[in-house]
Amino acid sequence: MTGRLITCRHETWELPALLAWKVLHTGTVPCDSYSVTFLYDRSMAGPLHLAAGFLAMEGENVMLRGIVDEYTVALGKSGLTATVSGRGYAARLLDNESRPLTYQGATLQEIIRNHVTPYGIQAAETAQVRADSAYTVAAGSSQWKALEGFCRTYGGFSPRFGRDGRLLAAPEKEGKRLRITGGDPVLSCVLREDHYGVLTEVLVIDKTRNTAYSVRNQDMLDRGGQCRRVVYTPGQSTWAAMRYTGEYQIQQSKKGERTVELALPGSFLAFPGDTAELDLEYLGLRGTFRVAEAENTFSRENGAQVTLTLEERV
């Protein structure tokens, strides 16, 4: 992998050969992130001071487009080195706060125009979504929360970002399929089942109309779980919106219930949204999982390695 810095003056600067790097893909929040380390000389002081953007490149393919949060210069056993780190483009929406707004019959295009486009983000995909009730952006909400809240309430999906930094405001499409068996060079594998935080009931309340709607997770209730949440919706919420809000909260809580963390040699083998089919007989582990995160690392001592965080498809 190679790296390029983009300065606030729109100049592109090729980084020297990377001594070590880490690229984490999530596609959503928490953000994609990266860190790269390389040999430093004083001619780099100017570009590093002005660095605003970063490109992680594999050949001519963009693996990650992000912002620069920090750089450090250090003298150690490897000599004089610099490290640049930052996050993906979702950070631009997380770092900026929206003023309170109430929309009537808003469309997703209108939400993107007001809460996304002003921050230099282009949309690669936009679903045709329109609100059937008033949509309120509360005071103190980030631009990301304004966008995500609209997408999941009226579209039934969460927005994501592509590796090129463009917004994907549409339901997720299944990516490529990766099959991993006992014959593959698995470096490590951890299976985790965690019931903490898995909701058994969501009670959705519309305080304006004094109405409530309960959604239950019967599977977890049957296994003895007890974890209820009470969610308040904006006034005049439709029954469909209230039901969806409850179902969404339960589905989100179930995502991390059964996960697998799997490490393999290589880099950029899979990305969030891809499907991993596991058949690891020695662990008694078989099933179909969604790639939730992919962390790619490299060092001259250990070479390249990818760690996939897999969530069981629910």
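For the structure, check the block above.
The structure presented is a predicted model; accordingly, all values stated were derived computationally and were not measured. (Residues numbered from 1 in each chain as written. Predicted model: local features only at pLDDT ≥ 70, side-chain atom pairs only at ≥ 80, totals over all residues. Heavy atoms only, no water.)

Draft legend 1. Representation of the overall build of the protein chain in the model. Along the protein chain, the regular secondary structure elements total six helices and 21 strands. The proportion of buried residues among the 314 residues of the protein chain is 44%. A fraction of 65% describes how many contacts in the protein chain between residues 6 or more apart in sequence connect residues 24 or more apart. When the accessible surface of the protein chain is split by element, carbon and sulfur atoms take 47% of a total near 15,900 Å². (Helix = DSSP H or I, 4+ residues; strand = E, 2+ residues; numbered from the N terminus. Buried < 20%, exposed > 50% of the residue type's maximum accessible area, 1.4 Å probe, protein only. Contact = heavy atoms within 4.5 Å. Areas by Shrake-Rupley, 256 points an atom, 1.4 Å probe, with all protein chains shown as cover.)

Draft legend 2. Fine view of the side chain of glutamate 148. Note on placement: glutamate 148 falls in helix α4 (residues 143–155). Put simply, glutamate 148 is tucked away with no salt bridge, and the nearest opposite charge, on arginine 152, sits 4.6 Å away. Leave out the neighbours within four places in its chain, and glutamate 148 touches Ser158, Pro159 and Tyr248. (Lys, Arg positive; Asp, Glu negative; His and termini not counted. Salt bridge = Lys/Arg side-chain N within 4 Å of Asp/Glu carboxyl O.)

Draft legend 3. Focus on the sheet that holds strand β16 (residues 211–216). Taken together, three strands build an open sheet; the order of strands is β16-β15-β17 and the sheet is mixed. The sheet is open, and its two borders are formed by β16 and β17 (228–233), each paired with just one other strand. Here the average twist between neighbouring strands, direction ignored, is 20°. In terms of strand pairing, strand β15 (residues 201–206) meets β16 through six bridges, oriented antiparallel. The partner of valine 204 across the bridge, within β16, is tyrosine 213. (Pairing = 2+ DSSP bridges. Axes fitted to C-alpha atoms, helices over the stretch in contact; angles between N-to-C directions.)

Draft legend 4. A look at the sheet that holds strand β9 (residues 123–126). The three strands are arranged β9-β12-β11 in an open sheet whose pairing can be described as mixed. The open sheet has two free edges, formed respectively by β9 and β11 (160–161), since each of these has just one partner strand. Both β9 and strand β12 (residues 167–169) contribute to a ladder of three bridges, which runs parallel. Within the sheet, the bridge partner assigned to threonine 126 lies in β12 and is alanine 169.

Geometric values such as these leave the question of function open.
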